[in-house]
Amino acid sequence: MIILISSRNGSIMLSFMLCLFIISLPFCVTSSARTPALYVLGDSLVDSGNNNLLPTMARANYLPYGVNFVKKTTGRFTNAEYLGLPYSPPYLRIRDNLPLTGLNYASGSCGILPETGRSYGKCLNFEEQVGLFEETVKLLQQKYFKSPEELLDYLSKSIFIISIGSNDYINNYLGTSSFYTNKGYPPQQFAQLLVDKLSNQLQRLYKLGARKMVVFERGPIGCIPSITRKYEHKGQSCVEDMNQLVLLFNKLLPSKLKNLTSTLNASILVNGQAHSLAYDAIMNPSKHGLMDASNPCCSALLNGTSGCIPLLKPCNNADRHFFWDGYHQTEAVYSLVASRCITDSSVCVPFTLNKLLNM
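Going along each chain's sequence as written, the residues are numbered from 1 onward. For this predicted model, a pLDDT threshold of at least 70 governs which residues receive local features, and a threshold of 80 or more governs which side-chain atom pairs are given and counted, while totals over whole chains, interfaces and linings are taken from all residues. Think of the side-chain values as coming from all heavy atoms in the structure, minus any hydrogens and water.

An unreviewed UniProt entry lists the protein under the name GDSL esterase/lipase, with Melia azedarach as the source organism.

Section: the packing of aromatic side chains
Formally: Stacked, edge-to-face and tilted labels apply to pairs of Phe, Tyr and Trp rings (six-membered ring for Trp) whose centres lie within 6.5 Å, assigned for plane angles under 30 degrees, over 60, and everything in between, in that order. For helices the rule is a DSSP run of H or I covering at least 4 residues; for strands it is a run of E covering at least 2, with both sets numbered from the N terminus onward. In this scheme, a residue with accessible area under 20% of its type's maximum is buried, one over 50% is exposed, and one in between is partly exposed, where area comes from a 1.4 Å probe on protein chains only. Two limits define a charge over a ring: the Lys NZ or Arg CZ must be within 6 Å of the ring centre, and within 35 degrees of the ring normal.
Under the definition given, this model contains twelve aromatic pairs. Geometrically, the ring pair formed by Tyr 173 and Phe 190 is stacked, given 4.2 Å between the ring centres and 20° between the ring planes. In this pair, Tyr 173 sits in helix H4 (residues 166-173) while Phe 190 sits in helix H5 (residues 187-208), placing the two residues 17 residues apart along the sequence. Using a relative accessible area of 9% as the deciding quantity, one classes Tyr 173 as buried. Connected via pairs of aromatic rings, a cluster forms that spans Tyr 39, Tyr 91, Tyr 105, Phe 133 and Phe 160. Geometry around Tyr 206 places Arg 211 over its ring, the cationic atom sitting 3.8 Å from the centre.

Here we look at helix H7 (residues 240-263)
Threshold: Expected helix span is given by 1.5 Å per residue-to-residue step, counting one fewer step than there are residues. One axis is fitted to the seven residues ending at the residue and one to the seven starting there. The bend at that residue is the angle between these axes. Contacts are assigned to residue pairs with any non-hydrogen atoms lying within 4.5 Å of each other.
With 24 residues, H7 should reach 34 Å at 1.5 Å per residue; the first-to-last C-alpha distance of 35 Å fits that figure. Bending of H7 peaks at approximately 25° at the position of Leu 253, with proline Pro 254 no more than four residues after it. Buried residues of H7: Met 242, Asn 243, Leu 245, Val 246, Phe 249, Asn 250, Leu 252, Leu 253, Leu 257 and Leu 260, and no others. Contacts from the buried residues of H7 go to H4, H5, strand E7 (212-216), helix H6 (225-228), strand E8 (268-272) and helix H8 (275-283).

Here's the deal with the sheet that holds E7
What counts is decided by this rule: A pair of strands is labelled paired if DSSP reports no fewer than 2 bridges between them. All axes are obtained by fitting lines to C-alpha atoms, using only the stretch in contact for helices, and the reported angles, taken between N-to-C directions, cover 0 to 180 degrees.
Spatially, E5-E6-E7-E8-E11 is the arrangement adopted by the five strands of the open sheet, whose pairing is mixed. In this open sheet, the two strands that pair with only one neighbour each are strand E5 (38-42) and strand E11 (348-349). Alignment of E7 against E8, held across five bridges, turns out to be parallel. Counterpart to Phe 216 in the pairing with E8 is Gly 272. Those strands touched by helix H2 (residues 126-143) are E5 and strand E6 (159-163), and its axis lies near 155° from that of E5.

A closer look at H2
Filter applied, for reference: Polar contacts here mean pairs of N or O atoms no more than 3.5 Å apart (in protein, one a potential hydrogen donor and the other a potential acceptor; neighbouring residues in sequence count only if both atoms are side-chain atoms).
With 18 residues, H2 extends 26 Å between its outermost C-alpha atoms, agreeing within 8% with the 26 Å of an ideal straight helix rising 1.5 Å per residue. For H2, the set of buried residues is Phe 126, Gln 129, Val 130, Gly 131, Leu 132, Phe 133, Thr 136, Val 137, Leu 139 and Leu 140. Against the buried residues of H2 lie E5, helix H1 (91-94), helix H3 (148-157), E6 and H5. Measuring from the backbone nitrogen of Glu 127 back to the side-chain oxygen at the start of H2 gives 3.1 Å, which picks out Asn 125 as the cap.

Put into structure tokens, the structure is as follows:
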């Protein structure tokens, strides 16, 4: 089995299947390994609809989000479709009726820090998401497994995808809301704060049974339309000062994950290093089959700096665009990252997803 991380028009698709089709080309892998479930934690890049059930402005339960998704609009900024496994639903919609194929706890606008995203309403910060997974583990034990050992075996074979942290910069550190109290941190200390808080929750996940975790670094936030259209960047494609902020986080993350792997017995923590790949696609779009690496594909609110305007038809060539709205990427970009993360150990470090699923 193998994971595909891709998207359809501004949304991520996480898929399990034996033969994957990446950018119209077959990518087939045979494996005897069995991965029973995929658990997803993070922000709007992987939110499959939890925010629908929260009092927040950060929602995507309208067209053109999901325009190419078979289930249409379900509240996902991202499509979380699983091929080969039943559709994996948002936790808040399922609660007690738990599937054994995984759940999604991600929440748009939220972050690692508890105050991130509060200006938009209620969202699930990373600590709360891990808390919901803890409730899931208790229910799994009650409903499906005869012993703690059986449950641990199931969880140890499952994959945990973690993608969070961008909003801690976009909606917190760089914001002006009175909710945020982190303006006093120098950039290096703020990055260290985020990595330490993230590490604490990864250790909680481990204690609950997670063993295979893929933790993605932060992308070049200084290149997203919501930033480039608000801040001066002197003829450059991106606001490089803001890219430098997340690079501080990205530089700290590998050593933290390596340390956790060495101290947490039988754990495998993979670092998804997609920043450089995404940045290169923005700087050299034609090299990666793209045409537009600066403008949203959909008609986005606030001069292209926010979410899509409801019901308006998006561009006809989303597969040639880097950005779907003011924040999120298109299928073409996620397919690019997916194909490299599956097979290239310089993108997913130290193990490709192909290897991880066979370990």
